[in-house]
Amino acid sequence: MATWPPHRGRPRYDFGPNTETRMATTITDLDTYLDANHDRRLESYKALLRFPSISALPEHAPDCRRCAEHIAGELRAIGVEHVEVSETGGHPVVYGDWLHADGAPTVLVYAHYDVQPVDPVDLWDSPPFDPAVHDGRILARGAADDKSHVHMHLRATEALLATRGRLPVNLRFLFEGEEESSSENLDRWLENNRERLKADVVVISDTGFFEGNIPAITLGLRGLMYAQIDVTGSPVDLHSGGFGGAVENPANALARIIAELKDRNGRILIPGFYDDVAELSPKEREAFAELPFDEDAYRDGLALPALAGEEGFTVLERKGARPTLDVNGIWGGFQGEGTKTIIPAHAHAKVSCRLVPNQDPDTIFELFRARVEEVAPPGVRTTVQKLGGGKPSLTPMDHPATKAAARALEATFGRAPVYIREGGSIPVCASFESILGLPVVLFGFVNPDCNAHAPNESMVLDNVELGIRAIARLWDELPGAGIGG
Ligand SMILES: [Zn+2]
């Protein structure tokens, strides 16, 4: 059972002497309701986690749709109106609104219900779509990224409507089903639904806390460029005795191409790649340096012999404010047991770049393709295709909604949040800014050791329980925050 306020009794969040708990009078009316419904709430979280809504795998398309229908049903049940499972051309979007807070701001709430694939499944302690609770955590694919936030928003809205009969702000919900596969259809859906997405601010819940589970507000997100390189030689595998030495080997060629994309000091070798990178100001570098971060503990936590990255930058700068290039998958040739003496007919790699302000994914793809073509050996055919992308984004720290989010976090978790730049990408973030012209606040509660995208993804249940309260508090804070309405 969750206790409220969290610092009564044994505190889970002990941040030292300055943990004065600021009880917000406006939320105490929810406590009774939330305490009474704790078990049912956990069951509803588990039900959401049981849908294998893996957006990248076509065989899971029906699961994505079932998950969307389930969320739509939940929205209707708690009193949200105009609920619709809306077609995008890919996996559907779930929309719903509650617009009866006259004169109050309107918030567009975003989270995503799709999840990453679960391979390698044998590294999981329990089946990824059979949620298990251990040591104050819930373990399942999507437990953190990003069904935790779908769940928290549903339950915060439910608690407010059940106890007060109304919400302090107008809410429009948008739950996406393609975030983990580059949000391919969302921009068009946003363009086609501009009218019903009118709002004063977007609250995106798909981020997390800082190392040590310290409340954080993410100000910047990296963008993404995702590509595939295909190298082909002769139409069939060739005998390496009969032909070796006389023909180019596609697997060797691919390895050479990849080696020409980044040097040993972590510097990307694509001409023009860094041209649009917004360099860190001395003040930003200072802010990075002030964040509590233990490099050795970070390395040990990853079970790595050493960390790597671009020379001249700290680990936090490399993760948050510098672009990257990584091979995400590589295959070709003989992969079975034992030996087979061939020159493979073809070899392939999936390669992606995390991008920072002001890099553009289309421009970076063109530069990437030009570099691959420049270094590809002549004895093979090499093609490059773009698989996805998203723009980077940066939110102003002094926006009134950002400040309101900071107050809600401090009041709930007993500590002012730190401001961070996140290494991940939420392509839709830039879309909200550019297509809808709305400011974006990133309001997320995931513990940093959640293993998102990896085996044994898990979410700290206290973060979920307090997150629900912090969301309710943010809605209470916004009408007086000066952001329109
Ligand atoms: Zn996510």
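Analysis parameters
- Residues numbered from 1 in each chain as written.
- Predicted model: local features only at pLDDT ≥ 70, side-chain atom pairs only at ≥ 80, totals over all residues.
- Heavy atoms only, no water.
- Axes fitted to C-alpha atoms, helices over the stretch in contact; angles between N-to-C directions.
- Helix = DSSP H or I, 4+ residues; strand = E, 2+ residues; numbered from the N terminus.
- Parallel < 35°, antiparallel > 145°, perpendicular 65-115°, else oblique.
- Contact = heavy atoms within 4.5 Å.
- Nonpolar A, V, L, I, M, F, W, Y, C, P; charged D, E, K, R; others polar.
- Pairing = 2+ DSSP bridges.
- Phe/Tyr/Trp six-rings, centres within 6.5 Å; stacked < 30°, edge-to-face > 60°.
- Buried < 20%, exposed > 50% of the residue type's maximum accessible area, 1.4 Å probe, protein only.

A. Structural view of the packing of helix H1 (residues 28-36) against helix H2 (residues 38-49). Across the interface, H1 lies against H2 with an axial gap of 5 Å and an inter-helix angle of 65°. When the axis of H1 is compared with that of H2, the two are roughly perpendicular. Contacts between H1 and H2 involve Tyr33, Leu34, Asp35 and Ala36 on the former and, on the latter, His38, Arg40 and Arg41. Split into classes, the residues belonging to the contact of H1 with H2 amount to three nonpolar, one polar and three charged.

B. Summary view of the sheet that holds strand S5 (residues 137-139). The three strands are arranged S4-S5-S18 in an open sheet whose pairing can be described as antiparallel. At either end of the open sheet lies a strand with only one pairing partner, and these are strand S4 (132-134) and strand S18 (458-460). For this sheet, the mean angle separating the axes of adjacent strands, direction not counted, is 25°. With three bridges joining them, S5 and S18 adopt antiparallel strand pairing. Residue pairing for S18: Arg137 is matched across the bridge by Val460. On the sheet, H2 packs against S4, S5 and S18 and is oriented at approximately 25° with respect to S5. Strands S4, S5 and S18 of the sheet are contacted by helix H14 (residues 461-477), whose axis makes an angle of about 55° with S18.

C. Inspection of the packing of aromatic side chains at higher detail. In this structure the tally under the stated criterion is eight aromatic pairs. Each ring, one from Phe209 and one from Phe413, has its centre 5.1 Å from the other, and the planes form 80°; the classification is edge-to-face. Of this pair, Phe209 sits in the loop between strand S7 (201-204) and strand S8 (216-221) while Phe413 sits in helix H12 (residues 400-413), and the two are 204 residues apart along the sequence. Accessibility assignment for this pair places Phe209 and Phe413 in one class, buried.

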